[in-house]
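# Summary of structural features
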Amino acid sequence: MTLLSRFTLATGLLLIAGSAFAATDTPVGTWKTIDDKTHQPKSIVEITENNGELQAKVVKVLNSDEGPNPICKECDGERKNQPIEGMTIMWGVSKDDDVWDGGKILDPKNGKEYKVKLTLMDGGQKLDVHGYIGFALLGRSQVWERQE
């Protein structure tokens, strides 16, 4: 193997390793939501970033009490009776030191919106999603698992 080939291979490996690291230092990506009460997988959610703000959309519902193709019966406004798959359930979240907050999250089961705070855990492989009203000390959390 020539020196140029070795250099090219080493550079490629470093770029791959760097992009893998970059993917785990942000909530952007695909996540499996885990119900905080039943501990069962509920859905696959994709978090995207646009102009520094994160939003999340339900890609697939995995487990629903309402069977396949559940709708948001308890939602208000434009979301009322709309399919949960494809629905934006989190918006307006921005980075604040090592957490992301300042936005809202919707619980499609009860149609209520909560303030939200996101914290990466386990080297970016898990995401603590904390929804609350008023103070962040009150509320409830789910731990989502990153999907590859």
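Here we summarise the structure given alongside this text. (Residues numbered from 1 in each chain as written. Predicted model: local features only at pLDDT ≥ 70, side-chain atom pairs only at ≥ 80, totals over all residues. Heavy atoms only, no water.)

## Some points on the layout of surface pockets
Convention followed: Two kinds of site are reported from a 1 Å grid over the protein atoms alone, namely cavities, where a 1.4 Å probe fits but cannot get out, and pockets, open sets with protein on both sides within 12 Å along at least five of seven lines, and residues are called lining when an atom falls within 4 Å of a point. Grid points are joined across faces, edges and corners, and a volume is the space filled by probe spheres set on the points. The secondary structure listing takes helices from DSSP runs of H or I that are at least 4 residues long and strands from runs of E that are at least 2 residues long, numbered from the N terminus. When residues are sorted by character, Ala, Val, Leu, Ile, Met, Phe, Trp, Tyr, Cys and Pro go into the nonpolar class, Asp, Glu, Lys and Arg into the charged class, and all the rest, Gly among them, into the polar class.
In this model, the largest pocket occupies a volume close to 790 Å³. As for the largest pocket, its lining consists of 33 residues, of which Asp107, Pro108, Lys109, Arg140 and Gln142 are closest to the centre. At the level of elements, strand S2 (41–50), strand S3 (53–61), strand S5 (99–107), strand S7 (126–132) and strand S8 (140–147) are the ones that each hand at least two residues to the lining of the largest pocket. With 4 residues, S8 is the largest single contributor of residues to the lining of the largest pocket. Here the residues of the lining of the largest pocket sort into 14 nonpolar, 10 polar and 9 charged.

## Remarks on the side chain of Asp101
Short version of the rule: By the convention used here, residues are in contact when the closest approach between their heavy atoms is within 4.5 Å.
Within the secondary structure, Asp101 sits in strand S5. Apart from the residues within four sequence positions on either side, Asp101 is in contact with Gly92, Val93, Ser94, Asp96, Val116 and Lys117.

## Concerning the environment of Asn110
Inclusion rule: The cut-offs for exposure are 20% and 50% of the maximum accessible area for each residue type, with area from a 1.4 Å probe on protein chains only; residues under the lower value are buried, those over the upper are exposed, and the others partly exposed. Nitrogen and oxygen atoms within 3.5 Å of one another constitute a polar contact, given that in protein one can donate a hydrogen and the other can accept it, and given that sequence-neighbouring residues count only through two side-chain atoms.
Inspection of the secondary structure puts Asn110 in the loop between S5 and strand S6 (112–121). For Asn110, a relative accessible area of 27% gives the class partly exposed. Sequence separation of Asn110 and Lys73 is 37 residues, and the distance between their C-alpha atoms is 8.1 Å. Polar side-chain contacts of Asn110 include one of 2.8 Å to the backbone nitrogen of Lys112.

## Remarks on the nonpolar core
Stated formally: Here, nonpolar core refers to any group of buried Ala, Val, Leu, Ile, Met, Phe, Trp, Tyr and Cys residues whose side-chain atoms link them within 4.5 Å.
Formed by 23 residues in total, the largest nonpolar core has its most connected members in Ile47, Met90, Leu118 and Trp144. When contributions to this core are tallied by element, the ones reaching two or more residues are S2, S3, strand S4 (88–96), S5, S6 and S7. Top element by residues in this core is S3. It accounts for 4 residues.

## Details of the state of the cysteines
Rules: Only a pair of cysteine sulfur atoms within 2.5 Å qualifies as a disulfide here.
Taken as a whole, this structure holds 1 disulfide when the rule is applied. At a sulfur-sulfur separation of 1.7 Å, the disulfide partner of Cys72 is Cys75. Taking the torsion about the S-S bond as the criterion, the Cys72 to Cys75 disulfide, at about 55°, is right-handed. The class of Cys75 is buried, set by a relative accessible area of 2%.

## Digging into the pairing of S6
Convention followed: We call two strands paired when DSSP finds no fewer than two bridges between them.
Relative to S6, S5 is paired through 7 bridges, and the arrangement is antiparallel. Counted as the bridge partner of Lys104 is Lys115 from S6. Two successive antiparallel strands, S5 and S6, enclose a turn made up of 4 residues, where Gly111 displays a positive phi of approximately 75°. With 7 bridges connecting them, S6 and S7 associate as antiparallel partners. Paired with Lys115 across the strands is Tyr132, a residue of S7. Here S6 hands over to S7 after 4 residues, with Asp122 in that stretch at a positive phi of 50°.

## With respect to a nonpolar patch on the surface
Rule in force here: Every patch collects residues that have over 30% relative accessible area and no salt bridge, joining them within 9 Å if they carry like charges and within 5 Å if they are nonpolar side chains (Val, Leu, Ile, Met, Phe, Trp, Tyr). Calculation of accessible area relied on Shrake-Rupley with a 1.4 Å probe; when residues are assessed, cover is drawn exclusively from the protein chains displayed. Here, a salt bridge means any side-chain nitrogen of Lys or Arg that lies within 4 Å of a carboxyl oxygen of Asp or Glu.
Residues Phe135, Leu137 and Leu138 make up a contiguous nonpolar surface patch of roughly 430 Å² in combined accessible area. With respect to the helices, strands and loops of the structure, Phe135 is situated in the loop between S7 and S8. Looking at Phe135, the relative accessible area reads 63%, which means it is exposed.

## Topic: the sheet that holds strand S1 (residues 29–34)
Test applied: Note on geometry: axes are lines fitted to C-alpha atoms, helical ones only across the stretch in contact, with angles between N-to-C directions running from 0 to 180 degrees.
What the 8 strands build is a closed barrel, ordered S1-S2-S3-S4-S5-S6-S7-S8; its pairing is antiparallel. For this sheet, the mean angle separating the axes of adjacent strands, direction not counted, is 30°.

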